[in-house]
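Results of the structural survey
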Amino acid sequence: MNIFGRLARSAQAFRRELLRPDEGPVPFCPPSHRPKIGLALGGGFARGLAHVGVLKVLEEEQIPIDFIAGTSVGALIGAVYCSGVSPRELEEIAHLVRFRDFARWTLSRYGIASNDRMKALLERLLKVKTFEELRIPMAVTATDFLTGEAVVFRRGPLIDPVRASCAYPGMFLPVNVKGRLLVDGLLAHAVPTSPLREDGANRVIGVFLRSNLMEGATGPRHIFDVIGQCFSIAQSRMSAIWQKDADLVIEPDVTGFQYDCFDRSNELVRIGEQAARAALPQIRQWFPPVSSRAATATRQVQPAT
């Protein structure tokens, strides 16, 4: 059975779970009294499966997310989640997806692989096909290959912007979107916190997947190591740019995980969960307890005696 048949069977297996009433924690306070929360999901190729664990914990703990922005794999996972796919479904999908399901080798002066298979994958995974239909507003970042300009998508069709955001330079061919050659959003927004501020987020959570620098290595094994090392150096030096717009940084420990380790999805999801749970005390401080607000309101309306 191909991957799409397996995904359909997995989705059916989760249907009853998804329709059950939510018995999670009571929200901290009414929507009118809480800050608007933005979640920025950074790039990291297969290591980005840790994002699924972060989303899983935030949803289990009923941390409300008002905006999501994604770069590269963060754009892919964020778009599928915002379209209505649950973290449990995402976790099941993560067990099944492999490099061949969204990419194929090719020969071009622009790169050595194409992510055109991602179109068919997204057509089956996404529950809606445009930004306007998403249940949570989403921003997808990419980079103009010719000008270096940051490109942020918030409207229109979803699939090509997500493909562009995942077009890792040197490996994947650029993606043509409305006449522009676009590549991975990592070059412009390693972790897309500033687009969330532009969208109106009062509090921003950045999820950063630190690349593995080749410290202690004797040298690169192949061209992918060369490309990856260059991006690791750039990512490390760009951290201060996006961190200024983040109130909190969640950094799953993905040390030792290779760029293509899709077969270790269980571990990556668990690492994402652990990092998110460690951040919960700080996140909860943003939400005044309902009981204290009610008590304050009661004191304010007490008649004078």
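What counts and what doesn't
- Residues numbered from 1 in each chain as written.
- Predicted model: local features only at pLDDT ≥ 70, side-chain atom pairs only at ≥ 80, totals over all residues.
- Heavy atoms only, no water.
- Helix = DSSP H or I, 4+ residues; strand = E, 2+ residues; numbered from the N terminus.
- Buried < 20%, exposed > 50% of the residue type's maximum accessible area, 1.4 Å probe, protein only.
- Contact = heavy atoms within 4.5 Å.
- Areas by Shrake-Rupley, 256 points an atom, 1.4 Å probe, with all protein chains shown as cover.
- 1 Å grid on protein atoms, 1.4 Å probe; cavity = no way out; pocket = protein on both sides within 12 Å on 5 of 7 lines; lining within 4 Å.
- Points joined across faces, edges and corners; volume = space filled by probe spheres on them.
- Nonpolar A, V, L, I, M, F, W, Y, C, P; charged D, E, K, R; others polar.
- Core = buried A, V, L, I, M, F, W, Y, C linked by side-chain atoms within 4.5 Å.
- Salt bridge = Lys/Arg side-chain N within 4 Å of Asp/Glu carboxyl O.
- pLDDT = per-residue confidence, 0-100.
- Patch = residues over 30% accessible without salt bridge, like charges linked within 9 Å, V, L, I, M, F, W, Y side chains within 5 Å.
- Phe/Tyr/Trp six-rings, centres within 6.5 Å; stacked < 30°, edge-to-face > 60°.

A look at the overall build of the protein chain
If you tally the helices and strands in the protein chain, you get eleven helices and ten strands. Out of the 305 residues belonging to the protein chain, those deemed buried represent 51%. Put simply, 77% of the contacts in the protein chain that link residues at least 6 apart link residues at least 24 apart. Counting every atom, the protein chain has about 14,900 Å² of accessible surface; 52% of that belongs to carbon and sulfur.

With respect to empty space enclosed by the protein
All told, the structure shown has one cavity of 30 Å³ or more when counted by the stated rule. In terms of lining, the largest cavity is formed by 20 residues, of which the most central are L49, V73, L76, V97 and F262. Considering every element that reaches the lining of the largest cavity, the biggest residue donor is helix α3 (residues 73-82), with four residues. Considered class by class, the residues forming the lining of the largest cavity number 19 nonpolar, one polar and no charged.

Focus: the nonpolar core
Judged by nonpolar contacts, the single largest core of 93 residues is most densely connected at L39, I68, F102, F172 and I283. Not counting chain neighbours up to four residues away, the residues in contact with L39 comprise L55, L58, I65, F67, I68, A69, L196, I205 and V207.

Description of unusual backbone geometry
If you check the backbone angles, F45 has positive phi at about 55° while not being a glycine. Positionally, F45 belongs in the loop between β1 (37-41) and α2 (50-60).

A closer look at α3
Of all ten residues in α3, ten are buried, a share of seventy percent or more. Inspection of α3 places V73, G74, A75, L76, I77, G78, A79, V80, Y81 and C82 among the buried residues, and these make up the whole buried set. One or two steps after α3, the chain reaches G84, where phi turns positive at roughly 120°.

Section: the pattern of salt bridges
Following the criterion strictly, the structure yields 18 salt bridges and no others. Of the charged contacts, one joins R104 and D116 as a salt bridge, the two residues approaching to 2.8 Å between their closest N and O atoms. Placement of R104 in strand β3 (residues 104-108) and of D116 in the loop between β4 (111-114) and α5 (117-125) is noted, with a sequence separation of twelve residues between them. A salt bridge links D247 to R197; the shortest N-O distance between them is 2.6 Å. Remark: R197 occurs in helix α7 (residues 193-199) and D247 occurs in the loop between α9 (239-243) and β10 (248-250); sequence separation between them is 50 residues. Using a relative accessible area of 27% as the deciding quantity, one classes D247 as partly exposed. Note on R197: relative accessible area 27%, which makes it partly exposed.

Examining the side chain of S165
Topologically, S165 is positioned in helix α6 (residues 159-165). Classification of S165 by relative accessible area gives buried; the value is 0%.

Things to note about helix α4 (residues 87-96)
Of all the ten residues making up α4, seven are buried; the element is thus mostly covered by neighbouring parts of the structure. Listing the buried residues of α4 in full gives P87, E89, L90, E91, I93, A94 and L96.

Re the confidence of the model for the protein chain
Looking at the protein chain, pLDDT values average 84 and 82% of them are 70 or higher. Confidence over residues 13-27 falls short of pLDDT 50; this stretch has 15 contacts with residues more than four positions distant or in other chains. The low-confidence segment residues 292-305 (pLDDT under 50) makes three contacts with residues lying over four places distant or belonging to another chain.

Some thoughts on the side chain of H189
Assignment of secondary structure puts H189 in the loop between β8 (180-184) and α7. With a relative accessible area of 15%, H189 lands in the buried category.

What about a nonpolar patch on the surface?
Among the surface-exposed residues, Y110, F145 and L146 lie close enough to one another that they form a single nonpolar patch of about 310 Å² accessible area. Relative to the helices and strands, L146 is located in the loop between β5 (138-144) and β6 (150-153).

Some remarks on the packing of aromatic side chains
In the structure shown here, the tally under the stated rule is ten aromatic pairs. Geometrically, the ring pair formed by F45 and F102 is edge-to-face, given 6.3 Å between the ring centres and 70° between the ring planes. With F45 in the loop between β1 and α2 and F102 in the loop between α4 and β3, the pair connects residues that are 57 residues apart, well separated along the chain. In this structure F45 comes out as buried when scored by relative accessible area, which is 15%. Judged by relative accessible area, which is 7%, F102 ranks as buried. By way of ring pairs, the aromatic residues F45, F99, F102, W105, F172 and F262 are connected into one cluster.

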